[in-house]
Amino acid sequence: ITSAVAFDILPLKLHPFSQSTPTGLDCVGWKRRISSPVITDGALDKTALTDDVGSEEDLYEDFRSSNHRYGHPGGGGEQLAINELISDGSVVYAEALWDHVTMDDQELGFKAGDVIEVMDATNKEWWWGRILDSEGWFPASFVRLRVNQDEPMEDYPLKVEGGKEDDSSSGARRFGMGQTTKDQMRTNVINEIISTERDYIKHLKDICEGYIKQCRKRADMFTEEQLKTIFGNIEDIYRCQKKFVKALEKKFNKDHPHLSEVGSCFLEYQTEFQIYSEYCNNHPNACMELSRLTKVNKYVYFFEACRLLQKMIDISLDGFLLTPVQKICKYPLQLAELLKYTNPQHRDFKDVEAALNAMKNVARLINERKRRLENIDKIAQWQSSIEDWEGEDVLVRSSELIYSGELTKISHPQAKSQQRMFFLFDHQLVCCKKDLLRRDILYYKSRINMDDMEILDVEDGKDKDFNISVKNAFKLHCRDAEEVHLFCAKKPEQKQRWLKAFENERRQVQLDQETGFSITEVQKKQAMLNASKQHHTGKPKAVTRPYYDFLMRQKHPTLPTMVPQQQVFMLAEPKRKPSNFWQNISRLTPFRK
């Protein structure tokens, strides 16, 4: 998460800390120096900039050297205001947006939703904070300031001088907010939702008009494919959010904000919010493309000129493009806070409760789709490591590995039993044989179409169909033919895991049908192409990195001080049980060189 992105924060002192666009821009003289700047078709209009400023490069260097910052975290009004409050003796609370897992004893670890007392915010990227008796550094971009700073902290007792717990009434007095009520708390949350949506719309407009519109005029610098990669479907998001804000404002009670009924708006737009899935999935590609382009100076100067002419705050383009990812993850947090201060008798209570569940489902769906798209690269790499592969690629029909393990298979009564490795994907079960000498090498043998199969549990004893004694067995029976496969596990618990896995496979297929999840042909081809390139580099065919460990590192990144936060990208993580597929693969590779 880049620390440069300005968070949408309700004021502690009744004025906004951060804005999408800096106010009072003419006070620093830049409006007067840039007289009627216009970007024309083809190239930047040099006459608009040359008189006082010079070239795009001069403008960029002049602005950069001036060290002006417009109120984003770590560089302006917001940070100064936080430090003023802290120096005045006020207690400033922040709420964790994402997990921060660390092995560094000088860093403060926390879970999403934890409340942190901010004790020092002088550094723009790393703040010093406290949770109960633990203190340490934490990334400022992982938190947002609490909406209700004067809220009693029964669930988070804080130690003050003398070892006594702080009481809520004294906290309210320190903030000068007077006696608080639940209605006032709800008013604060409603105001935050409305104000942040307005700021967000301005932010999206700036991107669409300040960057995309100008990039399209430079066909010599950008192709349509590049623009699609960099900006994704952000224009669709902009159109959706404009309609959403209008719906919110119709429900907003200006005279009595706590009476506003906004829950129905989130319920109305929950389906449309799924367009964020495409944007979030594309975001890593956007970052890579931007990183490639900004190695060339002319692109750096062009993007900076776009920002300056649109009068946007001092954040790089990749920082601006991260905001939609953060926004969709922030809705459940805002709605949870709104529900907390909504009385059950309030007309909006049921809608807010339903909206919270709906937006959690949206965020969960987006995370799940992102995880699935990340999986297809791993599946393609796995297939490229299998010897003697036959038939269509796994990705033609499947996108998720459900389970894997060793089983004994018998296909018909006269057949010899075979020890095989099986990989259960959605829609198909792939059968492989281990190499006799190098057990980490697998040979493709066959596959079974799971859409045609039903699972039959087999009791221990003599099986009538195969006329043999079995233990820990189950069958796959084809509904439309006489095809029957008998499988035996080594232990009863292994058999139960397989039966559960088959249930999960059918559930996954049904869920994909209901949610409309699919992988495009382009994504499938790209994954197989990437796997093929890696295979031809001369690496051993065995799986070389446990995917589970890789995924956990992605979901819980540690941020040492020497690593720029711009390099970290993460969504709110879905709660999933870890797959043991790659641990099983690891056990198959004792002779890996």
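Residues numbered from 1 in each chain as written. Predicted model: local features only at pLDDT ≥ 70, side-chain atom pairs only at ≥ 80, totals over all residues. Heavy atoms only, no water.

We apply this condition: UniProt positions are given in the numbering used here, feature names are shortened, and annotations may be inferred rather than shown by experiment.
By the naming in an unreviewed UniProt entry, the protein goes by ARHG4 factor and is assigned to Probosciger aterrimus. The record in UniProt for the protein states the following under Subcellular location (unreviewed entry): "Cytoplasm".

### A short note on the nonpolar core
Basically, it comes down to this: Side-chain atoms within 4.5 Å are what join buried Ala, Val, Leu, Ile, Met, Phe, Trp, Tyr and Cys residues into a set we call a nonpolar core. Think of it in three bands: with a 1.4 Å probe and only protein chains considered, a residue is buried below 20% of the maximum accessible area for its type, exposed above 50%, and partly exposed in between. Helical segments are the DSSP runs of H or I of at least four residues, strand segments are the runs of E of at least two, and each set is numbered from the N terminus. Any two residues whose heavy atoms approach within 4.5 Å at even a single point are treated as in contact.
Residues F231, F266, F273 and I328 are the most contacted members of the largest nonpolar core, which totals 63 residues. Those elements that place two or more of their residues in this core are helix 6 (182-216), helix 7 (224-231), helix 8 (234-251), helix 9 (263-269), helix 10 (276-293), helix 11 (297-309), helix 12 (317-340) and helix 13 (349-384). Ignoring sequence-local partners within four residues, the contact set of F266 consists of I193, F244, L248, F273, Y331, L335, A355 and M359. Listed in part, the 22 residues of the second largest apolar core include I376, C432, L442 and I519.

### With respect to the sheet that holds strand 4 (residues 134-139)
For the record, the criterion: Only strands joined by at least two bridges in the DSSP assignment are considered to pair. Fitted lines through C-alpha atoms give the axes, limited to the stretch in contact for helices. The angle between two N-to-C directions lies from 0 to 180 degrees.
One open sheet accounts for five strands, arranged 4-3-2-1-5; its pairing is antiparallel. If you trace the sheet from one side to the other, it starts and ends with strand 4 and strand 5 (143-145), each paired once. Strand-to-strand twist across the sheet, computed as the mean angle between neighbouring axes with direction ignored, equals 45°. Pairing between strand 1 (residues 92-96) and strand 2 (residues 115-120): four bridges, direction antiparallel. Note on strand 2: the bridge partner recorded for A94 is I116.

### Looking at the sheet that holds strand 9 (residues 442-449)
The seven strands are arranged 9-8-7-6-14-13-10 in an open sheet whose pairing can be described as antiparallel. Two strands lie at the open edges of the sheet, namely strand 9 and strand 10 (453-458), each paired on one side alone. Along the sheet, successive strands turn relative to each other by an average axial angle of 35°, direction set aside. Running at roughly 155° to strand 7 (residues 418-425), helix 13 makes contact with strand 6 (401-410), strand 7 and strand 8 (428-434) of the sheet. Along the sheet face, helix 14 (residues 492-515) touches strand 6, strand 7, strand 8, strand 10 and strand 13 (473-478) and points at about 130° away from the line of strand 6.

### As for the pattern of salt bridges
What counts here: The salt bridge criterion pairs a side-chain nitrogen of Lys or Arg with a carboxyl oxygen of Asp or Glu, the two atoms within 4 Å.
Tallied over the entire structure, the rule returns 34 salt bridges. A salt bridge links K202 to D206, with the nearest nitrogen and oxygen atoms 2.8 Å apart. Of this pair, K202 and D206 both sit in helix 6, four residues apart, roughly one helical turn. Given a relative accessible area of 1%, D206 falls into the buried group. What emerges from the salt-bridge pattern is a single network uniting E368, R371, R372, E400 and D512.

### Section: the pairing of strand 3 (residues 126-131)
Burial runs high along strand 3: five of the six residues are buried. Pairing analysis gives three bridges linking strand 2 to strand 3, with the strands arranged antiparallel. Bridge pairing links D120 to W128 in strand 3. Turn length for the strand 2-strand 3 hairpin, with the two strands adjacent in sequence and antiparallel, is five residues. With antiparallel pairing between neighbouring strands as the criterion, strand 3 and strand 4 make up a hairpin whose turn holds two residues, including L132 at a positive phi of roughly 55°.

### Here's the deal with unusual backbone geometry
In this structure, L132 takes a positive phi of about 55° despite not being glycine. Structurally, the position occupied by L132 is in the loop between strand 3 and strand 4. Relative accessible area serves as the criterion here: at 47%, L132 is assigned to the partly exposed category. A positive phi is found at K311, a non-glycine position, where the angle reads about 60°. Topologically, K311 is positioned in the loop between helix 11 and helix 12.

### Details of the state of the cysteines
To be explicit about the condition: Disulfide assignment relies on a single distance test, namely cysteine sulfur atoms paired within 2.5 Å.
The full count for this structure, using the stated rule, is zero disulfides. Looking at C215, it has no disulfide partner, and the nearest cysteine sulfur is the one in C306, 5.4 Å off. Taking the relative accessible area as the measure of exposure, C215 reaches 1% and is therefore buried. Sulfur of C431: no disulfide; nearest cysteine sulfur belongs to C432 and is 6.6 Å away. Residue C431 is classed as buried on the basis of its relative accessible area of 3%.

### Describing the packing of aromatic side chains
The condition that has to hold: Here the aromatic set is Phe, Tyr and Trp, taking the six-membered ring for Trp, and pairing holds for ring centres within 6.5 Å; pairs whose planes are under 30 degrees apart are stacked, those over 60 apart are edge-to-face, and all others are tilted.
Counting across every chain of the model gives 25 aromatic pairs. Measuring from ring centre to ring centre gives 5.6 Å for F244 and Y269, while their planes differ by 75°; the resulting arrangement is edge-to-face. Within this pair, whereas F244 is found in helix 8, its partner Y269 is found in helix 9, the two being separated by 25 residues in sequence. In terms of burial, F244 and Y269 fall into one category: buried. Ring centres 5.6 Å apart and planes at 65° place the aromatic pair F474 and F502 in the edge-to-face group. Taken together, the positions of F474 in strand 13 and F502 in helix 14 put the pair 28 residues apart, joining distant regions of the chain. Taking relative accessible area as the criterion, F474 reaches 0% and is therefore assigned buried.

### Considering the packing of helix 7 against helix 10
What describes two packed helices is the angle between their axes and the distance between those same axes. Defined as follows: Any residue outside Ala, Val, Leu, Ile, Met, Phe, Trp, Tyr, Cys, Pro, Asp, Glu, Lys and Arg is labelled polar, Gly included; the first ten of those are nonpolar and the last four are charged.
In contact at an axis separation of 6 Å, helix 7 and helix 10 are set at 120° when each is read in the N-to-C sense. Where helix 7 approaches helix 10, its residues Q226, K228, T229, I230 and F231 are matched on the opposing element by E278, Y279, N282, N285, A286, E289, L290, R292 and L293. In terms of residue class, the contact of helix 7 with helix 10 is made up of six nonpolar, four polar and four charged.

### Considering the side chain of D426
Put simply, the rule is: All tallies of charge rest on Lys and Arg as positive and Asp and Glu as negative; His and the ends of each chain are not included.
Locating D426 in the fold gives a position in the loop between strand 7 and strand 8. Despite its burial, D426 pairs with no opposite charge; the closest candidate is R372, at 4.1 Å N-O. Excluding its chain neighbours within four sequence positions, the residues that come into contact with D426 are R372, R397, S398, S399, E400, I402, E505, V509 and D512.

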